[in-house]
Every structure is written in C-alpha cells, then in structure tokens.
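Topology and contacts: notes
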Amino acid sequence: MSDEYVIELQSISKVYSTETLETHALQNINLKVVKGEFISIAGPSGCGKSTLLSLLGLLDTATSGTYLLANHDASNLGRDERARLRNQEIGFIFQSFNLISDLTVYENIELPLTYRSDLSTVKIQETVTEALDIVDMMSRADHFPSQLSGGQQQRVAVARAISGNPSLVLADEPCGNLDSKNAESVMQLLESLHKRGTTICMVTHDLKSAQRAERYVELFDGQIVSDNPIRIDKSQSAPAA
Ligand SMILES: Nc1ncnc2c1ncn2[C@@H]1O[C@H](COP(=O)(O)OP(=O)(O)O)[C@@H](O)[C@H]1O
Ligand SMILES: [Mg+2]
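A brief report on the enclosed structure follows. Everything numeric in this text was worked out from a predicted model, so none of it was measured. (Residues numbered from 1 in each chain as written. Chains lettered and ligands numbered in written order. Predicted model: local features only at pLDDT ≥ 70, side-chain atom pairs only at ≥ 80, totals over all residues.)

So, about the sheet that holds strand β8 (residues 200-203). Ordered in space as β6-β7-β8-β3-β9-β10, the 6 strands form an open sheet in which the pairing is mixed. At either end of the open sheet lies a strand with only one pairing partner, and these are β6 (90-94) and β10 (223-229). Averaged over all neighbouring strand pairs, the angle between strand axes comes to 15°, with direction disregarded. With 4 bridges joining them, strand β3 (residues 38-42) and strand β9 (residues 215-220) adopt parallel strand pairing. When the sheet's bridge partners are listed, Ser40 is paired in β9 with Tyr216. Each of β3, β7 (168-172), β8 and β9 touches helix α1 (residues 49-56); the most contacted strand, β8, lies at about 155° to it. (Pairing = 2+ DSSP bridges. Helix = DSSP H or I, 4+ residues; strand = E, 2+ residues; numbered from the N terminus. Axes fitted to C-alpha atoms, helices over the stretch in contact; angles between N-to-C directions. Contact = placed C-beta atoms within 7 Å.)

Written as structure tokens, this is what we have:
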C-alpha cells in the first residue's frame, strides 16, 4: 500500500546543464520513506546530498522520474501549487539557520504560517507558542536572531520547521555550524521530534550524527550505494536486569 509513505521517489534523476557541462547530480534514485521514520543521508562532498534534499523539499524539480509526497504527485506541479504544498507539508532546517534578521524569534516562526489559508489568527498564535515551548525558546520570543547564539538560532529554525505540523522535516547539515555542545542539543531536539512522530530526513557527513537516525542512506556519485537500518545496542546503557 502506498499511503503509508511520506516519500516515494521512483527513478529520479537530476542533470544540471550549462553551456559547457552536464552534471549528473542524481541518477536513478529510488527511495521510500515511511511516516515517522528518521533517516540520515550521508556521502562525500559533491555526491548529490543537497540536490536530493532540494528535490524532496520541492525547491527544485527532477529531470526525470516520479516523486510522490504524502500521496500527492509532486513531479509535474506548477510553481504555485508546489509552493503551497511545500509550505503545508515541509519544514526546512539549514546549516546556516536562515532566520530573517529583522524579524523577532516569534515573527520568524509566525511568518510562514501567515501564508496558510487554513489557519486562523488565534490558531497561528497557539502554534507559534507551542513550537517555541517545544524548543525551549519562549523566553527569547522578542529577541532578534543577532542576539542569540548559533545553537539558539538553530532551535528557533527547528521551531519554524515544525510549527506548521508538516508531513516531513528536511535538515541539511543541521549541526554543521555548531560547536559540539550546541550540536548535541539540536540532535536531541531532532530525536525528540522523531519520538513525537515527525518524519525526518537529515543530510550529514558526520557519521556520529548520522547514526542517531534509525536508517542510513549512503550516496556516492549521485547514486544510492547503501540503505540500511541502524542497529545500535541500546541495552548497554540500560541498567542490568
Ligand atoms: N545549481 C547547480 N548547477 C550546476 N551544478 C550543480 C548545481 N548544484 C549542484 N551542482 C553539482 O551537482 C553535484 C552534486 O552537488 P550537491 O548536491 O551540492 O552535493 P553535496 O550536497 O553532496 O555536496 C556536484 O557535482 C555539484 O557541483
Ligand atoms: Mg551539500
């Protein structure tokens, strides 16, 4: 049954063409992600990770193949329809946080919600407040991004990503600009979202972060070369019976 999948990619390829060069960034990608899964996508620089994430996030379109997102055929949508679907179904977390510098923390989270015709003003207020609470940033609601540490900015970006209750959260190197302590707090946040049922695809070249997911997809030269569940022996940290 296809309806349990949030993502279904069928034979997806992406070619970037310039006058002098054709880059086959992705070749024949087949990938299914079940609702609630937390997957990491890894591989060396230039292997196509960001390209894959921008296709998944409807920021770009494939050269060929089919993409089903939460049972919508997203392969041949017009620009407006893609933007609507993206706004409703997808939350993004980027390496560089991408907060809007002249909006407060509260306004950064509120802004994408104001484009949603299905949300009332009261519902938007509730949603922003709840998201701030989840990432423990309520006390900073009136601050501007420049007044926050990198780790705090990323927590706001996480709040923005989850605030519309999207089907899918996409994270491109979410800890890439963070020191180890802040990286750990963002990873813990992603794990807690996963426990709440959010579907997460995280790109990282850091093996340790990748292993925090439950499934590990490895790209090389635009192709999936491995796709395996992660089995970490959690019994080691449990008290002896
Ligand atoms: N907009 C673009 N135009 C042309 N080539 C691109 C573009 N974006 C990425 N590429 C090329 O596609 C390949 C994959 O890039 P990318 O998805 O950014 O890899 P990664 O995120 O794994 O480092 C690289 O060879 C890169 O140079
Ligand atoms: Mg990249």
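A few words on the site of ligand 1. As a matter of local geometry, ligand 1 sits amid Tyr16, Thr23, Ala25, Gly43, Ser45, Gly46, Cys47, Gly48, Lys49, Ser50 and Thr51. Of all elements in the fold, only β2 (22-34) and α1 reach the threshold of two or more residues within the shell around ligand 1. When residues in the shell around ligand 1 are grouped by element, the largest group, 3 residues, is from α1. Residue composition of the shell around ligand 1, by class: 3 nonpolar, 7 polar and 1 charged. (Near = placed C-beta within 6 Å. Nonpolar A, V, L, I, M, F, W, Y, C, P; charged D, E, K, R; others polar.)

Once that is clear, we can look at the sheet that holds strand β1 (residues 5-17). What the 4 strands build is an open sheet, ordered β2-β1-β4-β5; its pairing is antiparallel. Only two strands of the sheet have a single neighbouring strand rather than two, namely β2 and β5 (72-73). Pairing of strand β4 (residues 64-69) with β5, which is carried by 2 bridges, proceeds in the antiparallel orientation. Residue pairing in the sheet places Leu68 in a bridge with Asp73 of β5.

It is worth spelling out the packing of helix α3 (residues 105-114) against helix α5 (residues 150-162) at this point. Two elements in contact, α3 and α5, have axes separated by 8 Å at closest approach and are oriented at 25°. It follows that α3 is roughly parallel to α5 by the angle criterion. The crossing of α3 and α5 is right-handed. Contacts between α3 and α5 involve Val105, Asn108, Ile109 and Pro112 from the first element and Val156, Ala159 and Arg160 from the second. (Parallel < 35°, antiparallel > 145°, perpendicular 65-115°, else oblique. Left-handed = near helix turned anticlockwise from the far one by under 90°.)

Read these as geometric descriptors, not functional statements.
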